[in-house]
Amino acid sequence: RAAEQGDAPSELKKRAQVMLERRKEAVEAFVADLNTWMEQKGNGEWLAPDESMRQSLGEEGRELLAKGDTLDERDQYRLKRLWLE
């Protein structure tokens, strides 16, 4: 906050700006990876979760998992969204 208000020493301001830029880059990289994963078709560990994760996915997720390899693109996307939620 002090860096934003302009009353912090310039070195502290620079460090804060570098930290914020690194965080921004990390978030952007994470979002890019997540978007890539969401668009990928096919199989993966997300189609064969352990029992505790199955329970976490709720009834809708378990129904989608039961379809296995027959999930269409829309259902795969929805199942991945449930993983993220």
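Numbering of residues starts from 1 in every chain and runs along the sequence as written. Totals for whole chains, interfaces and linings use every residue, but because this is a predicted model, local features are given only for residues with pLDDT of at least 70 and side-chain atom pairs only at 80 or more, for both listing and counting. Neither water nor hydrogens contribute to the side-chain values; these are computed over all heavy atoms in the structure.

### Regarding the packing of helix H4 (residues 58-66) against helix H5 (residues 73-84)
Axis separation between H4 and H5 bottoms out at 10 Å; the angle between their running directions is 135 degrees. Taken together, the axis directions place H4 and H5 in an arrangement best described as oblique. The two elements H4 and H5 cross, and the hand of that crossing is left-handed. Facing Glu60, Gly61, Leu64 and Leu65 of H4, the residues of H5 in contact are Asp75, Arg78, Leu79 and Leu82. For helices, the axis comes from a line fit to the C-alpha atoms of the stretch in contact; other axes are also lines fit to C-alpha atoms, and the angle between any two N-to-C directions lies between 0 and 180 degrees. Numbered from the N terminus, helices here are DSSP runs of H or I no shorter than four residues, and strands are runs of E no shorter than two. Note on terminology: angles under 35 degrees are roughly parallel, angles over 145 are roughly antiparallel, angles of 65 to 115 are roughly perpendicular, and the others are oblique. Crossing handedness follows the turn of the near helix against the far one: under a right angle anticlockwise gives a left-handed crossing, and clockwise gives a right-handed one. Whether two residues touch is decided by their heavy atoms; if any such pair falls within 4.5 Å, the residues are in contact.

### With respect to the pattern of salt bridges
One side chain can pair with another of opposite charge once the charged atoms of both are near each other. Here a salt bridge means any side-chain nitrogen of Lys or Arg lying within 4 Å of a carboxyl oxygen belonging to Asp or Glu. On inspection of all chains with the given rule, the structure shows five salt bridges. Salt-bridge contacts for Arg15 lead to Glu11; the nearest nitrogen and oxygen are separated by 3.2 Å. Here Arg15 and its partner Glu11 are both found in helix H2 (residues 10-39), four residues apart, which amounts to about one turn of the helix. Assigned by exposure class, Arg15 and Glu11 land together as exposed. Of the charged contacts, one joins Asp75 and Lys67 as a salt bridge, the two residues approaching to 2.8 Å between their closest N and O atoms. Each residue is placed in one exposure class: buried if its accessible area under a 1.4 Å probe, protein chains only, is under 20% of its type's maximum, exposed if it is over 50%, and partly exposed if it falls in between.

### Some points on H4
Listed as buried for H4 are Gly61, Leu64 and Leu65. Looking straight down H4, one finds that the buried residues subtend no more than 100 degrees of arc, so they occupy a single side. For H4, exposure combined with an orientation more than 90 degrees from the buried face picks out Glu59 and Ala66. On its buried face, H4 sits against helix H3 (51-56) and H5. Positive phi shows up at Gly68, right after H4, with a value of about 55 degrees. Directions pointing from the helix axis toward each C-beta atom define the arc.

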